[in-house]
Amino acid sequence: MLKTSDRLPEQASFRTVVDSGDYYIGRLNKGQTLRILDLEGNQAADTLFYNADNPAERYSMSDTLSAQGQVYLTTGSRLMSNEQRVMLEIVADTCGRHDTLGGACATESNTVRYDLEKRCMHACRDSWMLAIGEHPEYGLTKRDIGHNINFFMNVPVTPDGGLSFADGISAPGKYVEMTACMDLIVLLSNCPQLNNPCNGYNPTPVELLIWSS
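Caption draft 1: Local environment of the nonpolar core. Core analysis: the biggest nonpolar cluster contains 27 residues, and I36, F49, L79, F151 and M178 have the highest contact counts within it. Of all elements in the fold, only β2 (23-28), β3 (33-38), β4 (45-51), β7 (86-93), β8 (149-151), β9 (174-180), β10 (184-190) and β11 (206-211) reach the threshold of two or more residues within this core. Beyond its immediate stretch of four places on either side in the chain, L79 contacts F49, Y59, T64, L73, R85, V86, M87, L88, I90, I149 and M178. In terms of nonpolar packing, the next biggest core, distinct from the first, is built from 21 residues, A123, W128, L140 and V155 among them.

Caption draft 2: Examining helix α1 (residues 61-68) more closely. By the burial criterion, the buried members of α1 are D63, T64 and L65. In this fold, the buried residues of α1 make contact with β6 (78-80). Of the residues trailing α1, G69 is marked for its positive phi of about 70 degrees.

Caption draft 3: Expanded view of the pattern of salt bridges. Scanning the model with the defined rule gives six salt bridges in all. Residue R15 pairs with E207 through a salt bridge whose shortest N-O separation is 2.9 Å. Here R15, found in strand β1 (residues 14-18), pairs with E207, found in strand β11; they are 192 residues apart in sequence, far enough to count as distant. Owing to a relative accessible area of 43%, R15 belongs among the partly exposed residues under this scheme. Classification of E207 as buried rests on a relative accessible area of 10%. A network of salt bridges, in which partner residues are shared, links R7, R35 and E177.

Caption draft 4: Expanded view of the packing of aromatic side chains. The full count for this structure, using the stated rule, is one aromatic pair. With centroids separated by 6.0 Å and ring planes inclined at 45 degrees, the aromatic side chains of F14 and Y24 adopt a geometry described as tilted. With F14 in strand β1 and Y24 in strand β2, the pair connects residues that are 10 residues apart, well separated along the chain. Residue classification places Y24 among the buried residues on the basis of a relative accessible area of 12%. The positively charged end of R97 is found above the aromatic ring belonging to Y72, 4.1 Å away from the centroid.

Caption draft 5: Structural detail: helix α3 (residues 124-134). Burial in α3 covers these residues: C124, S127, W128, A131 and I132. All buried residues of α3 project into a common sector of 125 degrees when viewed along the axis, lining one side. On its buried side, α3 packs onto β2, β4 and β10.

The rules behind each value
Residues numbered from 1 in each chain as written. Predicted model: local features only at pLDDT ≥ 70, side-chain atom pairs only at ≥ 80, totals over all residues. Heavy atoms only, no water. Core = buried A, V, L, I, M, F, W, Y, C linked by side-chain atoms within 4.5 Å. Buried < 20%, exposed > 50% of the residue type's maximum accessible area, 1.4 Å probe, protein only. Helix = DSSP H or I, 4+ residues; strand = E, 2+ residues; numbered from the N terminus. Contact = heavy atoms within 4.5 Å. Salt bridge = Lys/Arg side-chain N within 4 Å of Asp/Glu carboxyl O. Phe/Tyr/Trp six-rings, centres within 6.5 Å; stacked < 30°, edge-to-face > 60°. Lys NZ or Arg CZ within 6 Å of the ring centre and 35° of its normal. Arc of directions from axis to C-beta.

Purely geometric numbers; function is a separate question.
In structure tokens, the structure reads:
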């Protein structure tokens, strides 16, 4: 469901631009609201969430889909943890829907899906691994990399239950906002994918904004 926000960018307590192929890792406290802004359109932002006090509790695709009874995420969706607790709620969305089935690109999947020569291309899992390696203070390890949300990404479910990567439905200035229901760690890879339409074959920056409660 489309819904605009009344939050003003100039009143945000934090703002940063994440270049294509780069990552963001940081804390989002309970009651704070995070906006992910698609600056140039048709970009994918692969995102993971963890309980800041116990990272073993993390975003769960299966629990989220079971709780809301639909495949795509949008305004009103509650993002659930693997302990079946609400981590965040989407409170505004000008894109319309977001994928939580397609997973994240990796060197291995690029090889299988596309070609052996694609193996050396940068991928979201590389960005996540770099993030946790450069920021050990968050206490995350390789085994903590699990289900992710692909904000702005269009992955239709086919009639036979398969997935297809389609042209994005986002546009410059589209955003999604979510309010934290617990203290969280946010781990985001601004997807560098060049092999399918999720970035329009031209990865671009996104901006993150945070408002305090």
